[in-house]
Amino acid sequence: MLLSAAASLDGYIDDSSADRLLLSNEEDLDRVDEVRAGVDAILVGANTIRADDPRLVVRSGERRAGRVADGRPATPVKVTVTTAGDLDPGARFFTGDGDKIVYTAGAAAPGLARLAEVATVVSLGAEVTPDKLLEDLAGRGIGRLMVEGGGAIHTMFLTAGLVDELQLVYAPFFVGDPDAPRFVRPGTFPQDAGHPMTLAETRAIGNCVLLRYLTNPLTATG
């Protein structure tokens, strides 16, 4: 499982304004598009859908055609997690021809009936946990998952110790806003100072920098 994020130098993935904070340049967006083309599904949290309204598709026509030639859908399956189901069925996440999956802990939440018209809604019982979610995705033929945020989702998977690879891009500025969302939230992480990750790659991308870490080099791919 791959986790991907872009952050400011002080660890924020957005500011607290109504406008989305741009943390990547065009070269990095193309790199992310290449990574997306190699995975089976992309997951974001409900807050990311509400705040950023992402499409989560492979943008390159050549890469889309390559996926189809390999017998895969043109763009990865889109996945999200919500308890209340308070998402707009008209959000760009729910557009396009590919499959969309909404995981929830409460199938009776009022908003979920509307989402069932535009996506497959799956209840995972009393609580949505990363292991339950990955198990269900595996049963649907999803082998490689890319997690793109936000902070609560990053924290959920990282603290569960289920991330094989972390791709983190740093933008060359500070946010310094205590009300802004951070890359991760407080928690107990398996990859602490006593059990560090392995740095697999550093790359300058314009004025940004990519750090690619493996949590277990013997099993991680990328």
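A short tour of the structure in this document, coming up. What you see is a predicted model, and the numbers here were worked out from it, not measured in a lab. (Residues numbered from 1 in each chain as written. Predicted model: local features only at pLDDT ≥ 70, side-chain atom pairs only at ≥ 80, totals over all residues. Heavy atoms only, no water.)

## What about the sheet that holds strand β4 (residues 100-104)?
So, point 1. On the basis of which strands lie adjacent, the open sheet formed by nine strands has the order β5-β4-β3-β2-β6-β1-β7-β9-β8 and mixed pairing. Strand pairing shows two members of the sheet lacking a second neighbour, β5 (120-123) and β8 (198-205), which therefore form its edges. In this sheet, adjacent strand axes meet at a mean angle of 20° when their direction is disregarded.
So, point 2. Inspection of the sheet shows strand β3 (residues 77-81) paired to β4 by four bridges, in the parallel sense. Counterpart to Val 81 in the pairing with β4 is Tyr 103. (Pairing = 2+ DSSP bridges. Helix = DSSP H or I, 4+ residues; strand = E, 2+ residues; numbered from the N terminus. Axes fitted to C-alpha atoms, helices over the stretch in contact; angles between N-to-C directions.)

## Some thoughts on the packing of aromatic side chains
So, point 1. All chains considered together, the criterion is met by one aromatic pair.
So, point 2. Ring centres 4.9 Å apart and planes at 80° place the aromatic pair Phe 93 and Phe 94 in the edge-to-face group.
So, point 3. Look at Phe 93 and you get buried, because its relative accessible area is 0%.
So, point 4. A cation over an aromatic ring shows up here: Lys 78 above the ring of Phe 93, its NZ or CZ 5.7 Å from the ring centre. (Phe/Tyr/Trp six-rings, centres within 6.5 Å; stacked < 30°, edge-to-face > 60°. Buried < 20%, exposed > 50% of the residue type's maximum accessible area, 1.4 Å probe, protein only. Lys NZ or Arg CZ within 6 Å of the ring centre and 35° of its normal.)

## Some words on the environment of Ser 16
So, point 1. With respect to the helices and strands, Ser 16 occurs in the loop between β1 (2-7) and α1 (26-37).
So, point 2. Linking Ser 16 and Ala 84, residues 68 residues apart in sequence, is a C-alpha distance of 23 Å.
So, point 3. When sequence neighbours within four positions are dropped, the list of residues in contact with Ser 16 reads Asp 177, Asp 179 and Ala 180.
So, point 4. Among the polar contacts made by the side chain of Ser 16, one reaches the side chain of Asp 177 at a distance of 2.4 Å. (Contact = heavy atoms within 4.5 Å. Polar contact = N/O pair within 3.5 Å; in protein donor to acceptor, adjacent residues only side chain to side chain.)

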